[in-house]
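Chain by chain, the residues:
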Amino acid sequence: MKRDWFSNIPADILSGIVVALALIPEAIAFSIIAGVDPMVGLYASFCMAVTISFVGGRPAMISAATGAMALLMVPLVKDYGINYLLAATILTGIIQVVFGVLKIAKLMKFIPRAVMVGFVNSLAILIFMAQVPHFIGISNMTYIFVAITLLIVYILPRFIKTVPAPLIAIVLLTSLAIFSDFDLRTVGDLGNITQSLPSFFIPDVPLNFETLKIIFPYSIALAIVGLLESLLTASIVDDMTGTGSNKNREARGQGIANVITGFFGGMASCAMIGQSVINVKSGGRGRLSTLVAGLFLMFLILVLGNIVVQIPMAVLVGIMIMVSIGTFDWSSFTYLKNAPKTDAAVMLVTVIIVVATHDLSIGVIAGVILSAIFFVAKISKIKLVRNVNNQNITFEVEGQLFFASVEEFVEQFDFSVENKNIIIDFTNAHIWDDSAVGAIDKVVIKYRENHNNVTIKNLNAASKKIVDKLAVFNDPNAKLSAH
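Just so it is clear, the structure is predicted and the values come from calculations on it, not from any experiment. (Residues numbered from 1 in each chain as written. Predicted model: local features only at pLDDT ≥ 70, side-chain atom pairs only at ≥ 80, totals over all residues. Heavy atoms only, no water.)

1. Description of the overall build of the chain
Here is step 1: What the chain contains, in helices and strands, is 20 helices and seven strands.
Here is step 2: On C-alpha atoms alone, the chain measures out to a radius of gyration of 29 Å, which is more than a quarter above the 23 Å that the 2.2 N^0.38 rule sets for 483 residues.
Here is step 3: Dimensions along the principal axes, computed over C-alpha positions, put the chain at roughly 100 × 55 × 45 Å.
Here is step 4: When burial is assessed residue by residue, the chain has 53% of its 483 residues classed as buried.
Here is step 5: A sequence separation of at least 24 residues applies to 83% of the contacts in the chain between residues at least 6 apart.
Here is step 6: Approximately 21,600 Å² of the chain is accessible, and the part contributed by carbon and sulfur atoms is 63%.
Here is step 7: In the chain, 33 positive and 31 negative side-chain charges are present, and the distance between their average locations comes to 8 Å. (Helix = DSSP H or I, 4+ residues; strand = E, 2+ residues; numbered from the N terminus. Rg over C-alpha atoms; globule rule 2.2 N^0.38 Å. Buried < 20%, exposed > 50% of the residue type's maximum accessible area, 1.4 Å probe, protein only. Contact = heavy atoms within 4.5 Å. Areas by Shrake-Rupley, 256 points an atom, 1.4 Å probe, with all protein chains shown as cover. Lys, Arg positive; Asp, Glu negative; His and termini not counted. Charge placed at Lys NZ, Arg CZ, Asp CG, Glu CD.)

2. Considerations on the packing of aromatic side chains
Here is step 1: Summed over all chains, the structure comprises 18 aromatic pairs.
Here is step 2: A centroid spacing of 5.4 Å and a plane angle of 25° characterise the contact between Phe 200 and Phe 263, whose relative ring orientation is stacked. On the criterion of sequence distance, the pair formed by Phe 200 in the loop between helix 8 (165-178) and helix 9 (209-241) and Phe 263 in helix 10 (residues 247-263) is long-range, its members being 63 residues apart.
Here is step 3: In this structure Phe 263 comes out as partly exposed when scored by relative accessible area, which is 23%.
Here is step 4: Taken together, a centroid distance of 6.4 Å and an interplanar angle of 40° make the contact between Phe 409 and Phe 426 tilted. Within this pair, whereas Phe 409 is found in helix 18 (residues 406-411), its partner Phe 426 is found in strand 5 (residues 421-431), the two being separated by 17 residues in sequence.
Here is step 5: Residue classification places Phe 409 among the buried residues on the basis of a relative accessible area of 1%.
Here is step 6: Pairwise contacts between aromatic rings join Phe 395, Phe 409, Phe 413, Phe 415, Phe 426 and Tyr 447 into one cluster.
Here is step 7: The lysine or arginine in question, Lys 446, covers the ring of Phe 415, its NZ or CZ lying 5.0 Å from the ring centre. (Phe/Tyr/Trp six-rings, centres within 6.5 Å; stacked < 30°, edge-to-face > 60°. Lys NZ or Arg CZ within 6 Å of the ring centre and 35° of its normal.)

3. Quick look at the domain arrangement of the chain
Here is step 1: The assigned domain composition of the chain is domain 1 (1-334) and domain 2 (381-470).
Here is step 2: The gap between the C-alpha centroids of domain 1 and domain 2 is 57 Å. (Domains from an automatic or database assignment.)

4. Notes on the packing of helix 6 (residues 113-131) against helix 14 (residues 313-327)
Here is step 1: Contact geometry of helix 6 with helix 14 gives a least axis separation of 8 Å together with a crossing angle of 165°. When the axes of helix 6 and helix 14 are compared, the pair comes out roughly antiparallel. Remark: the crossing between helix 6 and helix 14 carries left-handed chirality. Taken together, the residues of helix 14 that come into contact with helix 6 (itself represented by Val 120, Ala 124, Ile 127, Phe 128 and Gln 131) are Val 317, Met 320, Ile 321, Val 323, Ser 324 and Thr 327.
Here is step 2: Looking at side-chain class alone, the contact of helix 6 with helix 14 contains eight nonpolar, three polar and no charged residues. (Axes fitted to C-alpha atoms, helices over the stretch in contact; angles between N-to-C directions. Parallel < 35°, antiparallel > 145°, perpendicular 65-115°, else oblique. Left-handed = near helix turned anticlockwise from the far one by under 90°. Nonpolar A, V, L, I, M, F, W, Y, C, P; charged D, E, K, R; others polar.)

5. Considering the side chain of Ser 53
Here is step 1: Checked against the element boundaries, Ser 53 lands in helix 3 (residues 38-55).
Here is step 2: Non-local contacts of Ser 53, meaning those with residues more than four positions away in its chain, are made with Trp 5, Arg 287, Thr 290 and Leu 291.

6. What to know about the pattern of salt bridges
Opposite charge on two side chains permits them to pair, given that their charged atoms come into close proximity.
Here is step 1: Enumeration according to the criterion identifies four salt bridges in this entry.
Here is step 2: Lys 213 is the partner of Glu 210 in a salt bridge, and the nearest nitrogen-oxygen pair spans 3.9 Å. Of this pair, Glu 210 and Lys 213 both sit in helix 9, separated by three residues, roughly a single helical turn.
Here is step 3: With relative accessibility at 48%, the residue Lys 213 sits in the partly exposed group.
Here is step 4: Several salt bridges converge on common partners, so that one network encompasses Arg 58, Asp 238 and Lys 247. (Salt bridge = Lys/Arg side-chain N within 4 Å of Asp/Glu carboxyl O.)

7. Comments concerning the nonpolar core
Here is step 1: Of all hydrophobic cores here, the largest spans 109 residues; its most connected members are Ile 24, Leu 42, Met 73 and Met 267.
Here is step 2: The leading source of residues in this core is helix 2 (residues 9-34), at 12 residues.
Here is step 3: Core analysis: the second largest hydrophobic core is formed by 29 residues, Val 397, Val 406, Ile 424 and Ala 439 among them. (Core = buried A, V, L, I, M, F, W, Y, C linked by side-chain atoms within 4.5 Å.)

8. Comments concerning helix 17 (residues 360-379)
Here is step 1: Relative to the 28 Å expected for 20 residues at 1.5 Å per residue, helix 17 spans 29 Å between its end C-alpha atoms, a close match to the ideal helical length.
Here is step 2: Within helix 17 the residues assigned to the buried category are Leu 360, Ser 361, Gly 363, Val 364, Gly 367 and Ser 371. Projected onto a plane normal to the axis of helix 17, the buried residues spread over an arc of 165° and lie on a single side.
Here is step 3: On its buried side, helix 17 packs onto helix 4 (67-80), helix 6, helix 9 and helix 16 (341-357). (Expected span 1.5 Å × (residues − 1). Arc of directions from axis to C-beta.)

9. Regarding unusual backbone geometry
Negative phi values dominate among residues other than glycine, just as trans dominates among peptide bonds.
Here is step 1: The backbone of Ala 60 sits at a positive phi, close to 80°, despite the residue not being glycine.
Here is step 2: In this structure, Ala 60 sits in the loop between helix 3 and strand 1 (63-64).
Here is step 3: Relative accessible area serves as the criterion here: at 0%, Ala 60 is assigned to the buried category.

Laid out in structure tokens, this is it:
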């Protein structure tokens, strides 16, 4: 759509430039984590950003080499080398395309708000933690440059709104560092930058089942982690911009971009929360910002490589610290106080696991599972109200009858009575599964053993259907009625 590309041209171009400058040190750092040449991460970031700008479902979101993906690649690279990594990247993309076609984004609705808040906060903490090695214990001038960067990024937007403050900080402080002799670490200290374009080639691996056996476990893990991080990031950008996005198209787009990246010498990648926040905070709103980020990244490598390696890490650290501050949901402290204790626990567990493992997928999955357990525990409360009228004993069932509540359901009946009319009223209850039907069977059969008459009444239509289908008490004494 024209609006996605050309409704915000000046801001999209400037924000894309800022993102490109911030992408370089991260792409190099993640390459080092994965155990590959820095250019593998840089080529991945270029290919992903350019491709996803056309095929992605969330305008203004940045996709590039990420730490979460890099960590998963380490054993593969160590044991089999770069060619198997590139083959795994291509297979990762194919799997993601399949997930997109199968509309995997529907699963996003099962991620509770508490997990989302925990995800955002843990990302903010990880972004900050990743900066610590680049400024703690380096030099006094490093602290000064970080402080000046923080001041520029915090104060300048109040007076200058046309040019992103991070871009001004990078240009001013890099110029100062180049023309001085300050003791500062630079981007060049992270690794060498080769001034060359990526070229198309097919990974040099045997095309057989043995290769598939090697790369498939890594590819499926990369595909799931990449989509999880991308779809969660897309939701965050949706909230920041007040706009919607096509999550299934984003899943397919991530896959297409990874296939192309693998054929051009890049490692598997996904959406980046930090760079996406930088883009949005710098004014980026359209696909043009993502395209500019990718193209300007390659321009920096090819044309300005000698200057880029002189950018002080302290400046980029300052920018990323501001990103982490902006990303963190500071209302979480109020949330912890006011939200239900189970929701607060889910948020904290998500944060703790992500920060401890540096793996977003483990934290989010743990948060979802814990949330599901709390939910099951909450709705598994079932109550029986007993009314006695001469020979008639009525049990009014209240609640949801399913695998987690059947034990409590059965325990509330008194099976010692004899020769009575037992009425079990399900007006305020719902039967969900085979375990529930099994529990009803058990109750009915036990009462019959003591010569009681059993009537089950007022099942709603859905409950009656499952009971009729699965119940084994087929006897005139067990009468079913629906309401």
